[in-house]
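Observations on the model geometry
For reference, the chains in residue letters:
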Amino acid sequence: MLRLLASGCARGPGGGGGMRGLVLGGRVRPAAGLCDPGSSQSRQASDAPRNQPPSSEFVARSVGICSMMRLPVQASPEGLDAAFIGVPLDIGTSNRPGARFGPRRIREESVLLRTANPSTGALPFQSLMVADLGDVNVNLYNLQDSCRLIREAYQKIVAAGCIPLTLGGDHTITYPILQAMAEKHGPMGLVHVDAHMDVADKALGEKLYHGTPFRRCVDEGLLDCKRVVQIGIRGSSMTLDTYRYSRSQGFRVVLAEDCWMKSLVPLMGKVRQQMGVRPIYISFDIDGLDPAYAPGTGTPEIAGLTPSQALEIIRGCQGLNVVGCDLVEVSPPYDPSGNTALVAANLLFEMLCVLPKVTVA
């Protein structure tokens, strides 16, 4: 069984560990909770009923356990086409902490999300069996051990044929996730949205923290460097050669100032051609957005992307062979309104909508 823990957050009456079912469509269905080690689902037939988030027309949004979009929670990835997973780790953070609470807060805000995407025509819950797999059980006192736990959890998720959509957590977590993904898919293409390139070699003598994940991925051959794009890069630096490493590896580096006041649809047309048909991974650091829209993060940089540009980037991945996604660096202590987590929840839904096999009306 995956070493996963259920989210400790509850919403509304009867929430938390004592609630033995989820209210769906006005009915209560048993929740394949992570507290039930034996609970799993066999792969559904193509015409069998799939999990659906409950409609607010019949079930109050404050009712139910705290899962992503109030989806059923289960312990095993078996039978799932895609799943939301939390990785509540922030001991790789270099500035403001708090991203360990990101998964819980994103789940809370996801209660506002609905099942269809009228803008793109995507109907993910009519196409895929989706659930919430809870949280990876990280070691908050040992970053190396946490990376091992994350890698082992994702090896099992990927082996089951389940596409992971991850709620971070700081950006360190993408490194062990890509270790597991590359074991199955080989070197990955990468669409990376961020204010920072995260290709530093080390800091304070340490080679593993949230500023180094993609340097470590290059070191281990986890990335297909000719199919890597980094969008939204900006901010001050200690040198004027800050972009040299990424470009020397063959990455496409798109600076934030090259995105100001324009649509990113043309850029994503070029990215789709660059990525081709081979597997890609989407990694979205919430600090890629301007802090006016997403203040709740550890390393904010001014003059970033807008939420509408974020949608253009993610929707621009439709038709690509997306095999995994993450949304990282939401820090609720710096997000008093919850707006950063709300944006994050919406972006994760958009990622779900661009997965292969999602029906588009």
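Residues numbered from 1 in each chain as written. Predicted model: local features only at pLDDT ≥ 70, side-chain atom pairs only at ≥ 80, totals over all residues. Heavy atoms only, no water.

With respect to the environment of H185
Locating H185 in the fold gives a position in helix α4 (residues 174-185). For the pair formed by H185 and R278, sequence separation is 93 residues and the distance between their alpha carbons is 8.7 Å. With residues near it in sequence (within four places) discarded, H185 still touches V158, P279 and V323. (Helix = DSSP H or I, 4+ residues; strand = E, 2+ residues; numbered from the N terminus. Contact = heavy atoms within 4.5 Å.)

Some thoughts on the pattern of salt bridges
Inspection of the entire model under this criterion finds 14 salt bridges. For the salt bridge of R278 with D224, the shortest nitrogen-to-oxygen distance reads 3.1 Å. Of the two residues, R278 is situated in the loop between α7 (265-275) and β11 (280-285) and D224 in strand β9 (residues 223-233); the sequence distance between them amounts to 54 residues. Between R315 and E350 there is a salt bridge, and its shortest N-O distance comes to 3.0 Å. (Salt bridge = Lys/Arg side-chain N within 4 Å of Asp/Glu carboxyl O.)

Quick word on the nonpolar core
Of all hydrophobic cores here, the largest spans 54 residues; its most connected members are I106, L327 and L355. At 10 residues, the largest contribution of residues to this core is made by helix α9 (residues 339-353). Residues in contact with I106, not counting those within four places in the same chain, are M68, L167, G168, L327, V330, A341, A344, A345 and L348. Counting 46 residues, the second largest nonpolar core, distinct from the first, contains L89, L143, C217 and V253. (Core = buried A, V, L, I, M, F, W, Y, C linked by side-chain atoms within 4.5 Å. Buried < 20%, exposed > 50% of the residue type's maximum accessible area, 1.4 Å probe, protein only.)

Focus on the UniProt feature "binding site: Mn(2+)" (unreviewed entry) in the chain
Mapped onto this numbering, the UniProt entry gives "binding site: Mn(2+)" (unreviewed entry) at H171, D194, H196, D198, D285 and D287. Their sequence span is 117 residues, while the largest C-alpha to C-alpha distance among them is just 12.2 Å; these annotated residues converge on one region. Tracing the backbone shows H196 in the loop between β8 (188-193) and α5 (213-219). In this structure the side chain of H196 is engaged in a polar contact, spanning 3.3 Å, whose partner is the side chain of D287. Residue position: D285 is located in strand β11. The class of D285 is buried, set by a relative accessible area of 2%. In contact with D285, not counting residues within four places along its chain, are H171, V193, D194, D198, T297, V328 and E329. (UniProt positions renumbered as here; feature names shortened; annotations may be inferred. Polar contact = N/O pair within 3.5 Å; in protein donor to acceptor, adjacent residues only side chain to side chain.)

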